[in-house]
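Coordinates in review
As a plain string of letters, each chain reads:
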Amino acid sequence: MTDADPVRLYRTVRLIRRFEERAVELVHGGQIVGGIHPYLGQEGIAAGVCAALGADDVLAGTHRGHGHVLARGADPARMLAELCGRVTGLNAGRGGSMHAADLSIGVLGANAIVGASGAIITGAVWAHRRRGRDTVGVSFFGDGAVNEGMLLEAFNLAALWRVPVLFVCENNGYATTMPVAGAVAGSIAGRAAAFDIPAVRVDGQDPETVRVAACAAVDRMRAGGGPELIEARTYRFDVHHTFEHAVRLDDYRPPDEVTRGRVRDPVRIQGERLADADRAAVDAEVEATLDAAVRFALDSPEPDPAEALTYLYASGLTARTGGG
Amino acid sequence: MPRLSYRRALTRALADELARDEAVFLLGEDVRVGASLVTTGLAKRFGAERVRDTPLSEQAFTSFATGAALAGLRPVVEFQIPSLLFLVFEQIVNHAHKFPLMTGGQCSVPVTYLVPGSGSRTGWAGQHSDHPYSLFAHVGVVTVVPATPADAYGLLVTAIRHDDPVVVFAPAGAMDVRDDVDDLTPVPLGRGRIHRFGDDVTVVAIGHLVHDALAVAEELADQVSVEVFDPRTLYPFDIDGLTESVARTGRLVVLDDGNRSCGMAAEIIASVVERVRLLAPPRRVTRPDGAVLPFAPALDRAVQPGRDQLATAIHLTLKDGS
Ligand SMILES: Cc1ncc(C[n+]2csc(CCOP(=O)(O)OP(=O)(O)O)c2C)c(N)n1
Ligand SMILES: [Mg+2]
């Protein structure tokens, strides 16, 4: 069920890269309100991990979540429409960047609460398996999340009940302005070891390396293994959140570190594995896809304020409004 | 008179208290760099020992603050996002709040929880846009929601000096308010403030909504005389001050950025009607029941209480009572 095609892997990282660059432009242009946490530089992780998944698998992401949703195969046009708050968006304009979800392909959503997704995905995988499916799950989280009790509690549940969840730590060196060295006692892999969860550290800048590690873990999990952890070392090429484009925080990342961090570029690394003509063809196709996505998003209607609370209750309960 | 922004007033209060009392220290995520733009410069001035960046471990550092308070310090804990209060509700309610009684009065827990940018920041959607002040008022934790720079300064200073836990909500909608402030002094807890005197109706407005209420009062000035009462502290509530106001105007409208059911507005109305015979049924303008702020800007606005709704509510109370 896994996808070893280098062209498709390249297409995924390239799609996420250009999607994010376009999204940043739309933030600056005011079409995306509230800003985004760009996934720029980290594309290889979502792409590599999702290439290891099958149709019945599920994942949950983070506040920096666009890459996970796109790598899993969500429609970029509906994803962009969501970021622009349109009714045609994945979440009908109700979720935005930090809550983008597509349940139809097993994306339980980006999540704005750091450390929250691990336990949710553990429960989802456990339930799918009880219902007879061969589901495995992926919980993406950052280096900051490994200090949240909730996530460590999820490690324990998954290991204890042998729920096949691949915990993927995207270690980009910082939680907002806090460096890993200032926040993490012990190590990230060591946290997994404490629960007897096998862990590997991989180069998150190489999409193929990530894919191979994820495939190996998924194979073991499908053969009856419990949860595993991949710590993918990476670097975020841009800001924590686009508000930093407007308000400059002090140099919490030394400028020369940023320069060095941006050298190993997952899009370039995977692109170099393709013949020039193949790469050019993918680039052109991605550009056309995103041109259409931007048009679709901006041409789509905004939701009607009278329907602000539609979907609040799945049961159909209607809430009292707040009016006079 | 120097002009001061609400945000800088908070910074000033933190700096003044850090300078005044060695027991005060600040704890939170990205407080060194000052990602909230409130703690900017404090680490440089007071050192990393007293302006401490934490890992993303809200539950642990909230109770860490409780422990430090039990040992004689006065921690100020900053939360970047209002919704993080849901995460640490256990630590605040079950521990910080309960220790004095449970220990038979052996201790106090003087912690301040500061939430810069509470409520909607437009575009931050469901998990970052809550305004859960009524929850803290409900459990009886001292809760303040300043509306102006002077009150932001004065209430934060008082919160830090107070011997029980205090939650300070600094609404996103007020952070950029600027005022001429000549005199920065502590503001007592539990004392409301009348921003505008009027004869026909008392509008109680909370936090940033005070500015909306004042704008509506001005707009309607030729039709109705509106008094604007800002409680400033939600718990303990200045019911005497409000009773005095409503006894004069005979009508009550509450403007509250919390959810409707079991919200502050409900509590305020109940407390007033227990004491005053109104000329017309009271009204409230709130978020809806169960509100989750939808992402799209127009929906986000639609779920928050607005000026038009307030104007309508004022007109309706006048009509009902005539
Ligand atoms: C529980 C919680 N605490 C704090 C925040 C505010 N916040 C959002 S992202 C972030 C940093 C997350 O760092 P990391 O997990 O390393 O992910 P990265 O942003 O580096 O991708 C913080 C502190 C939050 N959203 N949720
Ligand atoms: Mg990180």
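Residues numbered from 1 in each chain as written. Chains lettered and ligands numbered in written order. Predicted model: local features only at pLDDT ≥ 70, side-chain atom pairs only at ≥ 80, totals over all residues. Heavy atoms only, no water.

**Notes on the overall build of chain B**
Tallying secondary structure elements over chain B gives 13 helices and 14 strands in all. Computed over C-alpha atoms, the radius of gyration of chain B comes to 19 Å, within 12% of the 20 Å expected from 2.2 N^0.38 for 322 residues, which places it in the range of a compact globule. The principal-axis extent of the C-alpha atoms belonging to chain B is close to 60 × 40 × 40 Å. Buried residues in chain B amount to 62% of all 322 residues. Contacts in chain B between residues far apart in sequence, at least 24 positions, make up 82% of those at least 6 positions apart. On chain B, roughly 11,800 Å² of surface is accessible, and the fraction owed to carbon and sulfur atoms is 50%. Averaged over its 30 positive side-chain charges, chain B has a centre that lies 1 Å from the centre of its 39 negative ones. (Helix = DSSP H or I, 4+ residues; strand = E, 2+ residues; numbered from the N terminus. Rg over C-alpha atoms; globule rule 2.2 N^0.38 Å. Buried < 20%, exposed > 50% of the residue type's maximum accessible area, 1.4 Å probe, protein only. Contact = heavy atoms within 4.5 Å. Areas by Shrake-Rupley, 256 points an atom, 1.4 Å probe, with all protein chains shown as cover. Lys, Arg positive; Asp, Glu negative; His and termini not counted. Charge placed at Lys NZ, Arg CZ, Asp CG, Glu CD.)

**Quick look at the coordination of the magnesium ion (ligand 2)**
All names here are of chain A. On the protein side, the magnesium ion (ligand 2) has Asp143 (OD), Asn172 (OD1) and Tyr174 (O) as donor atoms, found 2.0 to 2.1 Å from it. Each donor residue of the magnesium ion (ligand 2) belongs to the same chain, with the gaps between them written as D-x28-N-x1-Y. One end of the pair, aspartate 143, is in the loop between strand E2 (137-142) and helix H6 (149-160); the other, asparagine 172, is in the loop between strand E3 (165-171) and strand E4 (174-175), with 29 residues separating them in the sequence. A single burial state applies to aspartate 143 and to asparagine 172, both of which are buried. (Donors = N, O, S within 2.8 Å, 3.2 Å for Na, K, Ca; no water.)

**Focus: the site of ligand 1**
What surrounds ligand 1 is a group of 23 residues, the closest being His63, Arg64, Ala112 and Asn172 of chain A together with Glu58 of chain B. Around ligand 1, the neighbouring residues derive from chains A and B rather than from a single chain. The contact in question runs from an oxygen atom of ligand 1 to an N or O atom on the backbone of glycine 144 of chain A, over 2.8 Å. Looking at the shell around ligand 1, the elements with two or more residues in it are E4 of chain A together with helix H4 (84-87) of chain B. When grouped by side-chain class, the residues that make up the shell around ligand 1 number 10 nonpolar, eight polar and five charged. (Near = heavy atom within 4 Å. Polar contact = N/O pair within 3.5 Å; in protein donor to acceptor, adjacent residues only side chain to side chain. Nonpolar A, V, L, I, M, F, W, Y, C, P; charged D, E, K, R; others polar.)

**Side note on the domain arrangement of chain B**
Often, the extent of an interface is quoted as the loss of accessible area on bringing the components together. Residue and element names in this part refer to chain B. The domain boundaries assigned to chain B delineate domain 1 (3-180) and domain 2 (193-321). Placing the centre of domain 1 and that of domain 2 at their C-alpha centroids yields a distance of 26 Å. Each partner contributes to the interface: domain 1 provides 27 residues, whereas domain 2 provides 26 residues. When the two sides are added together, the surface that domain 1 and domain 2 hide from each other amounts to roughly 2,000 Å², 60% of it contributed by carbon and sulfur. Inspection of the domain 1/domain 2 interface yields two salt bridges. Among the salt bridges present, the one from arginine 232 reaches aspartate 151, with a minimum N-O distance of 2.9 Å. If you look at where domain 1 meets domain 2, you find 15 residue pairs in polar contact (both at pLDDT 80 or more). (Domains from an automatic or database assignment. Buried area = accessible area lost by both parts, 1.4 Å probe. Salt bridge = Lys/Arg side-chain N within 4 Å of Asp/Glu carboxyl O.)

**Some thoughts on the interface of chain A and chain B**
Taken together, the contacts link 44 residues of chain A with 42 residues of chain B. Counting each side, the surface lost to burial between chain A and chain B is near 3,500 Å², with a carbon and sulfur contribution of 61%. Linking chain A to chain B there are two salt bridges. Measuring nitrogen to oxygen at the nearest pair gives 3.0 Å for the salt bridge that ties arginine 320 of chain A to aspartate 289 of chain B. The tally of links between chain A and chain B comes to 11 residue pairs in polar contact (both at pLDDT 80 or more). Here the residues of the side of chain A that touches chain B sort into 22 nonpolar, 16 polar and six charged.

**Comments concerning the environment of alanine 170 of chain B**
For alanine 170 of chain B, the position within the fold is in strand E7 (residues 166-171). Looking at alanine 170 of chain B, the relative accessible area reads 0%, which means it is buried.

**Re the sheet that holds strand E5 (residues 112-118) of chain B**
All names here are of chain B. Strand order across the open sheet formed by seven strands is E3-E2-E4-E5-E7-E6-E12, with mixed pairing between neighbours. Two strands lie at the open edges of the sheet, namely strand E3 (51-53) and strand E12 (233-235), each paired on one side alone. Sheet twist, expressed as the mean angle between neighbouring strand axes with direction ignored, is 20 degrees. Where strand E2 (residues 24-28) and E3 come together, three bridges link them in parallel fashion. Across the sheet, leucine 26 pairs through a bridge with valine 51, a residue of E3. (Pairing = 2+ DSSP bridges. Axes fitted to C-alpha atoms, helices over the stretch in contact; angles between N-to-C directions.)

**Some thoughts on the sheet that holds E2 of chain A**
Residues and elements named next belong to chain A. Taken together, five strands build an open sheet; the order of strands is E1-E2-E3-E7-E6 and the sheet is parallel. Lying at the two open borders of the sheet, with one neighbouring strand each, are strand E1 (58-60) and strand E6 (199-203). Pairs of neighbouring strands in the sheet enclose a mean axial angle of 20 degrees, with direction left out of account. For E3 and strand E7 (residues 228-233), the ladder comprises six bridges, and the chain directions are parallel. Within the sheet, the bridge partner assigned to valine 168 lies in E7 and is isoleucine 230. Docked against the sheet, H6 engages E2, E3 and E7, running at close to 150 degrees with respect to E3.

**Examining the packing of helix H1 (residues 6-28) of chain A against helix H13 (residues 276-299) of chain A**
When two helices pack together, their arrangement is captured by the angle between the axes and the distance separating the axes. All names here are of chain A. Interhelical geometry of H1 versus H13 gives an angle of 40 degrees and a closest axis separation of 9 Å. For the element pair H1 / H13, the angle class is oblique. The crossing of H1 and H13 is right-handed. Residues Val7, Tyr10, Arg11, Arg14, Leu15, Arg18, Phe19, Arg22 and Leu26 of H1 pack against Arg279, Val282, Asp283, Glu285, Val286, Glu287, Thr289, Leu290, Asp291, Val294 and Leu298 of H13. Partitioning the contact of H1 with H13 into residue classes produces 10 nonpolar, one polar and nine charged. (Parallel < 35°, antiparallel > 145°, perpendicular 65-115°, else oblique. Left-handed = near helix turned anticlockwise from the far one by under 90°.)

**So, the packing of helix H4 (residues 76-83) of chain A against H13 of chain A**
Residues and elements named next belong to chain A. Across the interface, H4 lies against H13 with an axial gap of 8 Å and an inter-helix angle of 40 degrees. When the axes of H4 and H13 are compared, the pair comes out oblique. The handedness of the crossing between H4 and H13 comes out as right-handed. On the side of H4, the interface is formed by Pro76, Ala77, Arg78, Leu80 and Ala81, while H13 contributes Thr289, Leu290, Ala293, Val294, Phe296 and Ala297. Per-class residue counts for the contact of H4 with H13 are nine nonpolar, one polar and one charged.

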